[in-house]
Amino acid sequence: MLLSLGRPLNLFVTAGQVSDYIGARAPLGGLPKVEWLLGDRGYDADWFREALKDKGIRACIPGRKQRKTAVRYDKRRYKRRNRIEIKFSRLKDWRRIATRYDRCPKVFLSAIALAATVMFWL
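Residues numbered from 1 in each chain as written. Predicted model: local features only at pLDDT ≥ 70, side-chain atom pairs only at ≥ 80, totals over all residues. Heavy atoms only, no water.

Caption draft 1: Region of the structure containing the overall build of the chain. Summing up its helical and strand segments, the chain has seven helices and four strands in all. In sequence order, the chain lays out its α and β elements as β-β-α-α-β-α-β-α-α-α-α. Its C-alpha atoms put the chain at 40 × 30 × 25 Å along the principal axes. Within the chain, buried positions represent 30% of all 122 residues. Taking as baseline every contact in the chain between residues at least 6 positions apart, the subset at least 24 positions apart corresponds to 38%. Taken as a whole, the chain presents about 8700 Å² of accessible surface, with 52% of it coming from carbon and sulfur. Taken as two groups, the 28 positive and 11 negative side-chain charges of the chain have centres that lie 3 Å from each other. (Helix = DSSP H or I, 4+ residues; strand = E, 2+ residues; numbered from the N terminus. Buried < 20%, exposed > 50% of the residue type's maximum accessible area, 1.4 Å probe, protein only. Contact = heavy atoms within 4.5 Å. Areas by Shrake-Rupley, 256 points an atom, 1.4 Å probe, with all protein chains shown as cover. Lys, Arg positive; Asp, Glu negative; His and termini not counted. Charge placed at Lys NZ, Arg CZ, Asp CG, Glu CD.)

Caption draft 2: The arrangement of the packing of helix H5 (residues 82–91) against helix H7 (residues 105–121) in detail. In contact at an axis separation of 10 Å, H5 and H7 are set at 115° when each is read in the N-to-C sense. Classed by the angle they form, the pair H5 and H7 counts as roughly perpendicular. For the element pair H5 and H7, the recorded crossing hand is right-handed. From H5, Lys87, Arg90 and Leu91 reach across to H7, where they touch Ile112, Ala115, Ala116, Met119 and Phe120. Partitioned by chemical class, the residues of the contact of H5 with H7 number six nonpolar, no polar and two charged. (Axes fitted to C-alpha atoms, helices over the stretch in contact; angles between N-to-C directions. Parallel < 35°, antiparallel > 145°, perpendicular 65-115°, else oblique. Left-handed = near helix turned anticlockwise from the far one by under 90°. Nonpolar A, V, L, I, M, F, W, Y, C, P; charged D, E, K, R; others polar.)

Caption draft 3: Structural context of the pattern of salt bridges. This structure, assessed with the given rule, holds seven salt bridges. Close ionic contact of Asp44 with Arg64 constitutes a salt bridge, the shortest N to O distance being 3.8 Å. Here Arg64 lies in the loop between strand E4 (58–60) and helix H4 (75–78) and Asp44 lies in the loop between strand E3 (36–38) and helix H3 (46–54), a separation of 20 residues in the sequence. Where Asp44 meets Arg67, a salt bridge forms, and the shortest distance between an N and an O atom there is 2.8 Å. Taken together, the residues span a long stretch of sequence, with Asp44 in the loop between E3 and H3 and Arg67 in the loop between E4 and H4 at a distance of 23 residues. For Asp44, a relative accessible area of 0% gives the class buried. Here the residues in one salt-bridge network are Asp44, Asp46, Arg49, Arg64 and Arg67, joined through shared partners. (Salt bridge = Lys/Arg side-chain N within 4 Å of Asp/Glu carboxyl O.)

Caption draft 4: Structural view of the nonpolar core. With eleven residues, the main nonpolar core is built from Ala24, Leu28, Leu31, Leu37, Ala45, Phe48, Ala51, Leu52, Ile57, Ala59 and Ile61. Not counting the four nearest positions on each side in its chain, Ile57 is found in contact with Leu31, Pro32, Val34, Glu35, Trp36, Leu37 and Leu52. Membership of the second largest hydrophobic core comes to nine residues, among which are Ile97, Phe108, Ala115 and Ala116. (Core = buried A, V, L, I, M, F, W, Y, C linked by side-chain atoms within 4.5 Å.)

If you want it as structure tokens, here you go:
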């Protein structure tokens with residue numbers, strides 16, 4: 001889920017065991033014109049940083065612990081990432097989503113879209 005100003009921009013579902021940075025390929029083409037992208041350590045990949053740089057987006061993603069060279073990022077800006085986690089927490093207040101009640105990906109994505117619409121726009 002891509003968020004802007006606390007509202008979802010793009011919803012997508014990946015396979016269950018896909019890592020964050022591999023799943024990040026899906027919305028890469030549909031990113032809006034933004035200045036910064038906040039992400040956790042799971043999105044730390046050189047190809048992802050380069051793709052963001054090519055789009056003119058600055059990455060605020062800390063490096064993984066096993067990285068040989070440290071990656072610089074804006075620590076003050078990274079502290080705002082808690083807003084993203086709060087939005088996911090609110091989304092998981094919906095029991096159907098938190099427990100992945102729907103096994104069909106289309107139905108599960110529809111439930112997420114419905115919950116996001118109710119929570120963020122009404």
